[in-house]
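Spelled out from the first residue to the last, the chains are:
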Amino acid sequence: MCQARAALGDEREATVAAPSIQGEPIPDAVQVLLFQPFSRPGKQGSLQDLGLGLYIAAEIARAHGGELTVESTASAGTTSTLRMPSQAQ
């Protein structure tokens, strides 16, 4: 059984969204490939999956001065973090 949780916060210089899921961790060798174009680590998903979704999401974040990252451990689960710069002056 997987458990999901989400965090949304406003740090001093950035807005952060960090959904998490508890379950099997993503191996380190796979994590380094997640944001690469045409990457389908483990060949999971439909045959129509091109492996572009996370790449495009990370590039959009980067184009706006932000970043999309992932952390995955057996103890803490998997957390994808989107950090975008604050627009407040």
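Refer to the structure printed above.
Residues numbered from 1 in each chain as written. Predicted model: local features only at pLDDT ≥ 70, side-chain atom pairs only at ≥ 80, totals over all residues. Heavy atoms only, no water.

## Some words on the overall build of the protein
Right, on to step 1. Helix and strand counts for the protein come out as 2 helices and 6 strands.
Right, on to step 2. Each helix and strand of the protein, placed in order from N terminus to C terminus, yields the pattern β-β-β-β-α-α-β-β.
Right, on to step 3. Of all 89 residues assigned to the protein, the portion counted as buried reaches 21%.
Right, on to step 4. Here the contacts in the protein between residues at least 6 apart in sequence split such that 39% fall between residues at least 24 apart.
Right, on to step 5. As displayed, the protein has an accessible area near 6600 Å², and 57% of this comes from carbon and sulfur atoms. (Helix = DSSP H or I, 4+ residues; strand = E, 2+ residues; numbered from the N terminus. Buried < 20%, exposed > 50% of the residue type's maximum accessible area, 1.4 Å probe, protein only. Contact = heavy atoms within 4.5 Å. Areas by Shrake-Rupley, 256 points an atom, 1.4 Å probe, with all protein chains shown as cover.)

## So, the side chain of S72
Right, on to step 1. Position of S72 among the secondary structure elements: in strand β5 (residues 67-73).
Right, on to step 2. In terms of polar contacts, S72 uses its side chain to reach the side chain of T78, at 2.6 Å. (Polar contact = N/O pair within 3.5 Å; in protein donor to acceptor, adjacent residues only side chain to side chain.)

## Structural notes on the pairing of β5
Right, on to step 1. Residues L68, V70 and S72 of β5 are buried on one face, while the alternating residues E67, T69, E71 and T73, pointing to the opposite face, are not.
Right, on to step 2. Hairpin geometry of β5 and strand β6 (residues 77-85) is characterised by an intervening segment of 3 residues between the two adjacent antiparallel strands. (Pairing = 2+ DSSP bridges.)

## Observations concerning the pattern of salt bridges
Right, on to step 1. Under the defined criterion, the tally for this structure stands at 2 salt bridges.
Right, on to step 2. Where E59 meets R62, a salt bridge forms, and the shortest distance between an N and an O atom there is 2.5 Å. Note that E59 and R62 are positioned in helix α2 (residues 53-63) at a spacing of 3 residues, about one turn of the helix.
Right, on to step 3. For E59, a relative accessible area of 31% gives the class partly exposed.
Right, on to step 4. The residue E67 makes a salt bridge to R83 at a minimum N-O spacing of 3.9 Å. Separated by 16 residues along the polypeptide, E67 in strand β5 and R83 in strand β6 bring together distant segments of the chain. (Salt bridge = Lys/Arg side-chain N within 4 Å of Asp/Glu carboxyl O.)

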